[in-house]
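Each chain, letter by letter, is given below.
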Amino acid sequence: MAALPLGRKRDMNAIGWPNFRSLNQEGIVFAIAVVLFVAAAIGLPGFIDPNNLLAIVRSVSVLGILALGMAVVIIGRGIDLSAVAIMAMSVAWYLQLLNSGTPDGLAFAYVLAGVLAIGLLNGFLVAYADVPAIFVTLATGSFVFGYVRSQLITQDAVPVPQGHWVELLGGLRFLDIPIEVFVFAGLAFLFFLFLRYTKWGRYIYFAGDNPVAARNIGIPVRPMLVLRYVLSAFVALIAGLLTAASLHSINTRVVNSTLLYDIVLVAVIGGIGLSGGRGGVRNVLVGAALIGILLNAMTIIDIPLLYQNLIKAAILLGAIIVDGVINPRDEQTAQQGDI
Amino acid sequence: MSFRERLQSWRYNLVPDHLVGEILTKRWTDNAIPFLALVVTLATFGSIIPGFFKLTSLQESTRQLGEFSMVVTGMTVVMLGGGIDLSVGSIFALSCFSAVYVFFILEQSIWLALATSLATGLVFGAINGYLVGYLRLRAFLTTLVTFIFGRALFDILVTTYAADVQLSTATSDVLDFIGDSTFWGLSVSVWLAIILAIVTHIALTRSRPGWHVLAVGGSRRSAHNAGIRVRRTVFMTYVFSGFCASIGGFLIACRLSGAGPGTGLNLEIMALTAAVVGGVSLGGGRGSVIKGLMGAIIVLTMTNGLIRLGYGTGTNQMVLGIMLAVAVTIDIRWLKNRHKVLNEVYVAPVYLKMGATQSAAPGSGTPYELDNRLSKADHIGLGELEGPEDVILDRDDNLYCGTRHGEIVRFFAPDYVRSEVFAHIGGFPLGLAFDKSGNLISCVGAMGLYSVSPTREVKRLSAETSRSWTSIVDDARLRDPNDCDVAPDGRIYFTDSTKRYDAHDWALDSIENRATGRLLVYDPKDGSTKALLDGYRYTNGVCMAHDGKSLFFAESWACRVHRYWLEGPKAGTAECVIRDMPGYPDNINRASDGNYWMAWLGMRTPSFDLSLRHPDMRKRMTRRLPQDEWLFPNINTGGVVKFNQTGGIVEAMGDLTGGAHPMVTSMREHKGYLFVGGILNNRIGRYKISGADPNWTSPASYWGAKS
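All figures in this text were calculated on a predicted structure; none of them were measured in a lab.

### Let's talk about the overall build of chain A
Phase 1: Check the secondary structure of chain A and you find 14 helices and 4 strands.
Phase 2: Relative to its 339 residues, chain A shows a buried fraction of 48%.
Phase 3: Put simply, of all contacts in chain A between residues at least 6 apart along the chain, 79% involve residues at least 24 apart.

### Examining the packing of helix 3 (residues 50-75) of chain A against helix 13 (residues 281-301) of chain A
All names here are of chain A.
Phase 1: Where helix 3 meets helix 13, the axes come as close as 8 Å, and the angle between the chain directions of the two elements is 140°. Here helix 3 lies oblique to helix 13, going by the angle between them. In the packing of helix 3 onto helix 13, the handedness of the crossing is right-handed. Two secondary-structure elements touch here, helix 3 through N52, A55, I56, S59, V60, L63, G64, A67, L68 and A71 and helix 13 through V281, V284, G287, A288, I291, G292, I293, L295 and N296.
Phase 2: A per-class count over the contact of helix 3 with helix 13 returns 13 nonpolar, 6 polar and no charged.

### What to know about the interface of chain B and chain A
Phase 1: Across the boundary between the two partners, chain B contributes 43 residues, which contact 36 residues of chain A.
Phase 2: Of all the secondary-structure elements, those providing two or more residues to the side of chain B that touches chain A are helix 7 (139-167) and helix 15 (315-346) of chain B.
Phase 3: A total of 15 residues in the side of chain B that touches chain A trace back to one element, the largest contributor, which is helix 15 of chain B.
Phase 4: Residue classes in the side of chain B that touches chain A are distributed as 23 nonpolar, 15 polar and 5 charged.

### Here we look at the sheet that holds strand 3 (residues 378-380) of chain B
All names here are of chain B.
Phase 1: Within the open sheet, the 4 strands sit side by side as 3-26-25-24. Their pairing is antiparallel. Every other strand in the sheet has two partners, leaving strand 3 and strand 24 (666-670) as the edge strands with one partner each. Shown here is a sheet whose adjacent strand axes are inclined to one another by a mean of 25°, direction ignored.
Phase 2: The sheet contact formed by strand 25 (residues 673-677) and strand 26 (residues 684-688) spans 4 bridges and is antiparallel. Each bridged residue has a counterpart across the sheet, and for Y673 the counterpart in strand 26 is K688.

### Notes on the nonpolar core
Where a protein is soluble and globular, its nonpolar side chains tend to be buried together.
Phase 1: Ranked by internal contacts, the top residues of the largest apolar core, which has 212 residues, are L66, A67, I86, I263 and A267 of chain A together with V71 and L324 of chain B.
Phase 2: Those residues in contact with A67 of chain A that sit more than four places away from it in its chain are I263, V266, A267, V284, G287 and A288 of chain A.
Phase 3: If you look at the next biggest cluster of nonpolar residues, it comprises 82 residues, including Y400, I441, L566 and M598 of chain B.

### Remarks on unusual backbone geometry
Phase 1: A413 of chain B connects to P414 of chain B through a cis peptide bond whose omega is 0°.
Phase 2: Within the element layout of this structure, P414 of chain B appears in the loop between strand 6 (407-411) and strand 7 (419-424).
Phase 3: Although it is not a glycine, H248 of chain A adopts a positive phi angle of roughly 65°.
Phase 4: Among the structural elements, H248 of chain A can be located in the loop between helix 11 (221-247) and strand 4 (249-251).
Phase 5: Judged by local crowding, H248 of chain A falls into the partly exposed class, with 15 C-beta atoms found within 10 Å.
Phase 6: A positive phi angle is found at D580 of chain B, which is not glycine, with a value near 55°.

### Quick word on the environment of I202 of chain B
Phase 1: Tracing the backbone shows I202 of chain B in helix 9 (residues 188-206).
Phase 2: The spatial distance from the C-alpha of I202 of chain B to the C-alpha of V289 of chain B is 9.6 Å, given a sequence separation of 87 residues.

### Focus: helix 9 (residues 199-209) of chain A
One turn of the α-helix equals 3.6 residues, which is why residues spaced by three or four share an orientation.
Phase 1: Taken together, the buried positions of helix 9 of chain A are occupied by I204, Y205, F206, A207, G208 and D209 of chain A.
Phase 2: Next to the buried residues of helix 9 of chain A lie helix 3, helix 8 (179-197), helix 10 (211-216) and helix 11 of chain A.

### Examining the domain arrangement of chain B
Phase 1: Taken domain by domain, chain B consists of domain 1 (62-301) and domain 2 (373-465 + 478-703).
Phase 2: Spacing between the C-alpha centres of domain 1 of chain B and domain 2 of chain B amounts to 61 Å.

### A closer look at the confidence of the model for chain A
All names here are of chain A.
Phase 1: Put simply, chain A has an average pLDDT of 80, and 88% of its residues get 70 or more.
Phase 2: Looking over chain A, one finds the lowest element-wise mean pLDDT in helix 1 (residues 6-13), namely 43, and the highest in helix 5 (residues 104-127), namely 89.
Phase 3: Confidence drops under pLDDT 50 across residues 1-21; counting only partners more than four residues distant or on other chains, this segment forms 13 contacts.

### A look at the pairing of strand 6 of chain B
On a regular strand, one side chain projects to one face of the sheet and the next to the other, so that they alternate.
All names here are of chain B.
Phase 1: Here strand 5 (residues 399-402) pairs with strand 6 via 4 bridges, running antiparallel. Each bridged residue has a counterpart across the sheet, and for C401 the counterpart in strand 6 is V409.
Phase 2: Following strand 5, the chain reverses through 4 residues before pairing antiparallel with strand 6; G406 in that reversal takes a positive phi of roughly 85°.
Phase 3: Of the strand pairs in this sheet, strand 6 and strand 7 are connected by 5 bridges, and their pairing is antiparallel. Along strand 7, the bridge assignment pairs E407 with H424.

### Considerations on the pairing of strand 18 (residues 560-565) of chain B
Residue and element names in this part refer to chain B.
Phase 1: Examined bridge by bridge, strand 17 (residues 550-555) and strand 18 share 6 bridges and lie antiparallel to one another. Counted as the bridge partner of E555 is R560 from strand 18.
Phase 2: Between the antiparallel neighbours strand 17 and strand 18 lie 4 residues, among them C559 with a positive phi of about 60°.
Phase 3: Across 4 bridges, strand 18 lies against strand 19 (residues 574-578) in antiparallel orientation. The residue bridging Y564 from the neighbouring strand is A574, located in strand 19.

Rules used in this analysis
- Residues numbered from 1 in each chain as written.
- Chains lettered and ligands numbered in written order.
- Predicted model: local features only at pLDDT ≥ 70, side-chain atom pairs only at ≥ 80, totals over all residues.
- Helix = DSSP H or I, 4+ residues; strand = E, 2+ residues; numbered from the N terminus.
- Buried ≥ 20, exposed ≤ 12 C-beta atoms within 10 Å, placed from the backbone.
- Contact = placed C-beta atoms within 7 Å.
- Axes fitted to C-alpha atoms, helices over the stretch in contact; angles between N-to-C directions.
- Parallel < 35°, antiparallel > 145°, perpendicular 65-115°, else oblique.
- Left-handed = near helix turned anticlockwise from the far one by under 90°.
- Nonpolar A, V, L, I, M, F, W, Y, C, P; charged D, E, K, R; others polar.
- Pairing = 2+ DSSP bridges.
- Core = buried A, V, L, I, M, F, W, Y, C linked by C-beta atoms within 7 Å.
- Domains from an automatic or database assignment.
- pLDDT = per-residue confidence, 0-100.

Next comes the structure, spelled out in structure tokens:
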């Protein structure tokens, strides 16, 4: 904690309402989200309806879960572009195995092993082979999609078998609220505890802020890197299971959609700097709130999906520019070839 | 020689291990892996797919290759500048759409379509360039976002106008020609791709903007400090990439006469994979257009080949993913470890069995028996000098020596207390000699043969000779010119000790013990430098015989002295006159009594002699131990030896205390005194030789009394 600058410490201790006077990105985004919410509530019919609000929360749950995994990786100065591929393809493979008659326990063990292997591969190449994370995960994402699609499954969409627990999971309700909302909330709380109160959680900030210094003071920077990618892979698996639960199938075309950029968008727009070392679970929540409200509002206004993509891309571009201005790259710790 | 030893000598003297290290020093080895991959890919798919090399099949593939390789060329330039451009697929698609829109819907001329297409690419590239170059955003994410943005825009446009394009009746001969015809057997797109590649290659390697791109990619900070406009250079690379992608887009518009949702899909990861597989380094500075093209061919052959072999959806992504991961990892590991590998394999020791020698120990009774006379020498320049390898005196009794700072220092007669920097050359001035007109000739380690006139003008005489046909490392360059002497006709005979190591790595040469030393001659009449003899183990001192008809030269690591004949029946040949000395010989100079002085830079030890018979042990030593702990020749003690015309040893002297002259690399007799230098010493010694001619001087001996 003492290693953090004072300004940041104050930010992170301010639980609850952000401090508007400091006008950081998170505060701005939160204010925009509130303004949008109020405007939509007044201007759009049916927006304020409890069912619609529930739909918003539900729609951002999976996105939020994926963004939690991404956030941990980004805080440690990495990025995981294979998250969506792992999410869709692991579950698709799992369902395919079930459909072709493999016992559930065995099939799940296969998938867990596969997800673990990809997480380890990502982590190993980034940590020990010193390959930039962005290339590693781009390549493994492409590989995972291509391998599973061409070798392990037969069609784009794989349905959930009748009466399987994944299907039942999708139907679970507590107080009329779908299960994925609770999973999101639970995971968010766990990540919050991990990042704030565990030693390794704090280390992630140090390693993301200045990897060389972190290594010099004895932090196991490389094993932790591997851990983060494994964590991100398992988070993706959970998100994939929840998606399959609510849709009763998994469509692998989601890998080629803009979902991946939505995840980065949630993380970056919430104020998690891409240069690492800053941000937390609260940023993910703020980012997810804004994106959820935005997507819902656009859907109510009936903007076509293609235009929604355009708008999201424009917002992401804006977010990255703002991120670049607020967290300028540090020429002293930025490395040659860090693109 | 035991059987084991004979095996060792065969193994290490006949197998050219050293070539591995020499090949690794070459920049073109970077190309070897992608080239091999190219050959393997083409051979594999050519043999699996029937008709792969048929003209019609090639025609269609090459058309696609033309478009693709243009995009890759743009990507290569961006990557050389230290960035990355993932938006090429979007630019490609949007340019294609612009051309289609202008031509088919607005029904304008094809040239206007081309202009619109190019403008689209340039504007898109300029946006990327502004964001990455001037705002200094992260290239990867920024272009990823502009890629999504462009793709979303393209999807909207294509769905909106697809029907209109289908209904259009616009035709053009030019469009058909670009899209379908061939010119001298190659399609227009291939011709354009070749022209673009050549122009880009020349621009990158031979023009200022190209060098700036490479400099920025190589080291952004250094480029900035050197005054290069880094931001503008980065900006321009993205504009160029946009330009290249837009030509590709225009060509596909001509070929397909339309734009569809699949146009330019996955192009960014394909182009990125192509560039990286070809060997263009991430992070910039290393790579070339040719490498990008090799990668383009590999990637396109792979993906097309797999489609034609009937593999299903997703195979391309799988293969691209594997190729990208493997290529990036190899690239990063290779860049990081190349110098380590080189360090490990470059030293390739050979076997040598040194002959038995006589002892030089005091009281041993041999001619080599050292005494303690040199410890009584006076000192000159104590503490002021660092590394006087050679010393020489002029006709006015002034004393000259080189230093490790690249200077030649002059001490003034008669007391040699005052000194001045006579000339600054650089490198490490080693051997010295005066020619007839009083110019000081010096062999400068790591630089070449230099001449300093009495008025202190420094002139380079020679830095290279002709290159031999079988050399891998450049053996034309003089790496370690060591000692020189001037013949009566003015020709300068000098040695270049090794072809494999730079001057400061001379100790590594002793461990390797490979015979690569040369004797060369510089002819002042035509300025040519010619190698006379080759294949000695560290040629060192050179001295013209008193009659000027032959010269003596030392072969340090073999402990031998040879005589090379300039005239007479044996002209042009060398014979060994002293062999198996107990010390490593260095410089040789004339003595007043018609004999020759020879310096010993170190003494043989039984342990090092033994290690010379165990090249495997020395190889392990250089790989596994830090350099401080290597077994080197003993250069902590040496001496001065006088020998006669026929190689008989007359006397030997040393400094047994090691206090004043532990090792000696040079000595020069002048008016009854011996001036002694050492390359690792901090002084020049002056020793009064009993019984020497008090009037004899070296310049007079060479060039006659003062006229």
